[in-house]
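Spelled out, the chains give:
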Amino acid sequence: MFNLILFGPPGSGKGTQATKIIEKYKLKHLSTGDLLRAEKKSGSELGKKIAELINNGNLVPDEMVQEMVKTFVFNNKECNGFIFDGFPRTVAQAEWLKEMLNPVNAEVNILLHLHVDDNILVERILERGKSSGRDDDKDVSIINNRIEVYHNITQPVMDFYKSQGKYRKVDGIGSIDEVFDRICNVIDSET
Ligand code: AMP
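The following paragraphs examine the structure supplied in this document. (Residues numbered from 1 in each chain as written. Predicted model: local features only at pLDDT ≥ 70, side-chain atom pairs only at ≥ 80, totals over all residues. Heavy atoms only, no water.)

1. Re the site of the ligand
Stage number 1. Thr32, Arg37, Asn58, Gly86 and Arg89 are the nearest of the 15 residues found near the ligand.
Stage number 2. Contact distances for the ligand include 2.6 Å between an oxygen atom and a backbone N or O atom of Asn58.
Stage number 3. At 2.9 Å from a nitrogen atom of the ligand is found a side-chain nitrogen or oxygen belonging to Arg89.
Stage number 4. A majority-of-atoms criterion places the ligand in the largest pocket.
Stage number 5. Of all the elements, helix α2 (residues 32-42) adds the most residues to the shell around the ligand, at 4 residues.
Stage number 6. The class makeup of the residues in the shell around the ligand is 6 nonpolar, 5 polar and 4 charged. (Near = heavy atom within 4 Å. Polar contact = N/O pair within 3.5 Å; in protein donor to acceptor, adjacent residues only side chain to side chain. 1 Å grid on protein atoms, 1.4 Å probe; cavity = no way out; pocket = protein on both sides within 12 Å on 5 of 7 lines; lining within 4 Å. Sits in = over half its atoms within 2 Å of the grid points. Helix = DSSP H or I, 4+ residues; strand = E, 2+ residues; numbered from the N terminus. Nonpolar A, V, L, I, M, F, W, Y, C, P; charged D, E, K, R; others polar.)

And the structure:
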């Protein structure tokens, strides 16, 4: 199993690149944002709680997200590996993931950091908001909150993997194909 965390701020292109990576390397795409939006759309009580958090650009509690990740991994355990997109977003989630993969003799192989400067992110997300249908992509103050949450809460996740020698950085500026080539170079040197 090859498990990769696709890491980066909101708007860094994780979803776009994940789609290309799964096609080339036959991995399974696990996007916690997608899983949460599906629950939100279902209109369940849980979905309503999730909607309020997402719509304000705040994180959903670790336990809720972890439960979804566990179910997804269990339902797809025969695959070649996972691309974790948007997960882990807290150090507690990263620690939990390590424990969850341990019993099946699997681990996170690398964290791939798509690096994009903050000033470009807002513009990119607003552009995406024109077609994404996501409320959290339309309002500048919510977008700024998401970026702040990323710096304050999510970025320490990088250090967790740096200390294990699993951190890899890729420049996220350029065309989709240029960035994808950089990502492939990193993956190919690991497998
Ligand atoms: P994304 O599609 O990855 O940008 O995620 C959209 C929103 O879903 C985030 O702004 C959070 O509110 C929520 N979310 C996604 N993944 C996580 C996670 N791992 N932990 C907590 N909240 C999350």
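2. Observations regarding the packing of aromatic side chains
The relative placement of two aromatic rings is captured by the distance of their centres and the angle of their planes.
Stage number 1. As enumerated under the stated definition, the model contains 6 aromatic pairs in all.
Stage number 2. Taken together, the ring pairs in this structure connect Phe72, Phe82, Phe84, Phe87 and Trp96 into an aromatic cluster.
Stage number 3. Taking the ring centre of Phe74 as reference, the NZ or CZ of Lys77 above it sits at 3.9 Å.
Stage number 4. Here the guanidinium or amino end of Lys162 rests over the ring plane of Tyr167, the centre of that ring lying 4.6 Å away. (Phe/Tyr/Trp six-rings, centres within 6.5 Å; stacked < 30°, edge-to-face > 60°. Lys NZ or Arg CZ within 6 Å of the ring centre and 35° of its normal.)

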